[in-house]
Each structure stands twice: as C-alpha cells, then as structure tokens.
Amino acid sequence: MTQPLLSVKNLTIDYIGEEKDFRAVDNVSFDVAPGEVFGLAGESGCGKSTIAFAISRLHKPPALIRKESRIMLAGRDVLDLDPKTLAAFRWREVAMVFQSAMNSLNPVLRIEDQFYDVLHTHKGMTKAQARERTAEMLRLVDIAPDRMRNYPHQFSGGMRQRIVIAICMALDPKLVVMDEPTTALDVVVQREILQRINELRKQFGFSVLFITHDLGLMVQFCDRIGIMLQGKLVEQNDAEAIYKTPQHEYTRKLWASFPSLHGGVLL
Ligand SMILES: Nc1ncnc2c1ncn2[C@@H]1O[C@H](COP(=O)(O)OP(=O)(O)OP(=O)(O)O)[C@@H](O)[C@H]1O
Ligand SMILES: [Mg+2]
C-alpha cells in the first residue's frame with residue numbers, strides 16, 4: 001500500500017463506568033489509503049461508531065481513549081491536536097456524515113446561509129464567493145442551485161442528507177467518515193446517494209470510512225472491509241475476498257445471515 005491517509009494503531013477505547021469500565025474498542029489497527037473506501041461491519045454494539053467518533057475527535061466522556069492508541073491522519077497525530085487546530089481539522093481534514101445528519105441542518109436558516117457559515121469561518125469567503133461555491137456543491141449532489149434560498153423543511157429527507165454531504169464536501173476534506181449515512185432513507189435513495197458520493201470520490205480523491213448494517217451496500221461500495229466482533233477487528237481484507245473467502249468464522253456467519261448476498265446478485 002502507498003503511504004496511508006489514515007492509520008489507526010492499537011486503538012483502545014473504554015467507557016468509564018461508576019462500577020467498572022467497558023472496553024468498547026480493543027486494540028484495533030487498520031490503514032486507509034488515499035482515495036480508498038474502507039468499511040467497518042459487525043453486529044450492533046461492536047464499537048463501530050465509537051471508532052468513527054474517535055477518528056473525528058468527536059468522542060466525549062465517558063469515552064476514554066487509552067494512551068497506547070494512535071490515530072494518524074495525513075501525517076498528523078489526531079489524538080494530540082490542541083483545541084484550536086481541532087476546529088479546523090474537523091472540517092478541512094475530516095468530515096463526518098451520520099445517520100441523523102439531515103436533522104443537523106439549522107431549521108431557521110436558509111441553505112445558503114448554512115453553507116456561508118462554514119465557508120466563511122474556514123475559508124474566509126465573502127457572501128458572493130460562498131454563493132458561487134454553494135451553487136457548485138449543490139449541483140454536485142443534483143440539487144438545483146436556486147434552491148439555496150430555501151429552508152431545510154422545504155426538502156425531502158434524501159435531499160437534506162445530500163445537502164449535508166454537499167456542505168461536508170465544500171471544504172474538500174481528505175477523509176469522509178460516514179456512519180450509517182443513508183439508513184433513514186429508502187433503498188433507492190440510499191443507492192443514489194452512495195453512487196453520487198462514489199463519483200465525487202473519484203473526482204476529488206478523498207477517502208471514506210463507511211459504516212452500515214446493509215452488507216450488500218457495504219460489499220458494493222467498499223474497496224476493503226474490516227469485520228468487528230465485540231470491540232475487536234477480527235478480519236480485514238479486500239471487499240471481494242472477505243465476501244468470497246472469509247477467514248473468520250464470525251465473518252462467515254455474518255454473510256450467512258444475509259441470504260440475498262449469496263444469490264449471486266451482487267458479485
Ligand atoms: N456513552 C456511552 N456510555 C457507555 N457505553 C457506551 C456509550 N456509548 C456506547 N457505549 C457502548 O459501547 C459499545 C459500542 O458502541 P457503539 O455505538 O460504538 O457500537 P456500534 O458498533 O456503532 O453499534 P450500532 O451498529 O448499533 O450503531 C456498546 O456496547 C455500547 O453500549
Ligand atoms: Mg453505531
């Protein structure tokens with residue numbers, strides 16, 4: 001592999017409890033290359049979101065990252081960023097889209113003002129510059145630029161999710177962390193959005209850390225996949241290999257629980 005964009009090493013995260021601590025992520029290591037889509041799969045509660053939040057530095061107490069853990073992104077030690085650098089890092093280096101992201105739009109602000117907030121704060125753009133960039137980004141996610149004057153409630157859920165993705169892309173991040181980004185949407189809209197993200201990825205070259213319960217989508221969309229079981233990464237491989245020749249018993253069980261995958265429809 002070329003120099004990885006993201007390198008996670010010995011990541012161990014505990015949730016600190018009053019009685020005892022709970023180890024949610026246990027010594028997890030993986031790399032993501034520039035432009036690559038890396039997927040994390042595994043049953044509910046195995047620690048996927050905990051990892052996603054730690055990489056975005058959005059974890060909060062009681063989550064505690066143990067000191068042997070290292071997260072390097074584009075040559076920076078993510079766990080060592082001071083608060084000032086962190087604010088810039090969150091938008092410019094890594095963007096996070098999660099399941100309820102579409103609800104993170106501010107209901108009382110027009111779409112153009114929400115883009116402006118981000119573009120002005122992080123790139124010092126004027127209103128006119130921001131409007132131009134907003135139009136460009138909305139076009140990329142198939143939303144007519146003149147709709148930037150509208151408020152969030154004037155869009156469907158799928159459109160709002162695409163708008164959030166467009167805002168995330170507006171600063172040209174190196175890594176996009178997507179934790180069930182389309183789970184709340186219907187299947188057709190999910191695939192459309194992922195196809196769009198894939199095209200944008202090819203155009204801009206960002207990497208994606210992708211989390212979903214939809215294993216079909218996962219296999220289609222990812223270059224490589226890591227399988228998690230109770231906080232541990234038990235197997236990682238190319239998407240096709242991990243699907244066709246799973247090594248770990250749990251991976252086999254996971255695929256077997258999705259019979260449609262074995263109908264030869266996808267691969
Ligand atoms: N704030 C918290 N305090 C205590 N324990 C937590 C907290 N957040 C998560 N956990 C525990 O950590 C474990 C991992 O949770 P996490 O949300 O990372 O799982 P996940 O793989 O994303 O699951 P899902 O697929 O359901 O989203 C779970 O057992 C969960 O109960
Ligand atoms: Mg989760």
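Novice: How should I be thinking about the nonpolar core in this particular structure?
Specialist: As a rule of thumb, soluble globular proteins bury nonpolar side chains together. Ranked by size, the top nonpolar core spans 56 residues in total, and within it Phe115, Ile163, Met178, Ile197, Phe210, Phe221 and Ile225 carry the most contacts. Ranked by residue count, the leading element in this core is helix α5 (residues 157-169), at eight residues. Setting aside residues no more than four positions away along its own chain, Phe115 makes contact with Thr134, Met137, Leu138, Ile163, Ala166, Ile167 and Ala170. Leu6, Phe38, Val177 and Leu209 belong to the second-largest nonpolar core, a separate cluster that totals 33 residues.

Novice: So what exactly am I meant to see when it comes to the side chain of Lys48 here?
Specialist: Mapping Lys48 onto the fold places it in helix α1 (residues 48-55). For the buried Lys48, which has no salt bridge, the nearest side chain bearing the opposite charge is Glu180, at an N-O separation of 5.6 Å. Residue contacts for Lys48: discarding those within four places in its chain leaves Leu40, Ala41, Gly42, Glu43, Ile211, His213 and Met228.

Novice: Sorry, what's going on with the pairing of strand β2 (residues 22-32) here?
Specialist: Along any regular strand the residues' side chains alternate between the sheet's two faces. As judged from the seven bridges shared by strand β1 (residues 6-15) and β2, these two strands associate in the antiparallel manner. Residue pairing across strands places Leu6 opposite Val32, the latter belonging to β2. Counting the residues that bridge the hairpin from β1 to β2 gives six residues.

Analysis parameters
Residues numbered from 1 in each chain as written. Chains lettered and ligands numbered in written order. Predicted model: local features only at pLDDT ≥ 70, side-chain atom pairs only at ≥ 80, totals over all residues. Heavy atoms only, no water. Core = buried A, V, L, I, M, F, W, Y, C linked by side-chain atoms within 4.5 Å. Buried < 20%, exposed > 50% of the residue type's maximum accessible area, 1.4 Å probe, protein only. Helix = DSSP H or I, 4+ residues; strand = E, 2+ residues; numbered from the N terminus. Contact = heavy atoms within 4.5 Å. Lys, Arg positive; Asp, Glu negative; His and termini not counted. Salt bridge = Lys/Arg side-chain N within 4 Å of Asp/Glu carboxyl O. Pairing = 2+ DSSP bridges.

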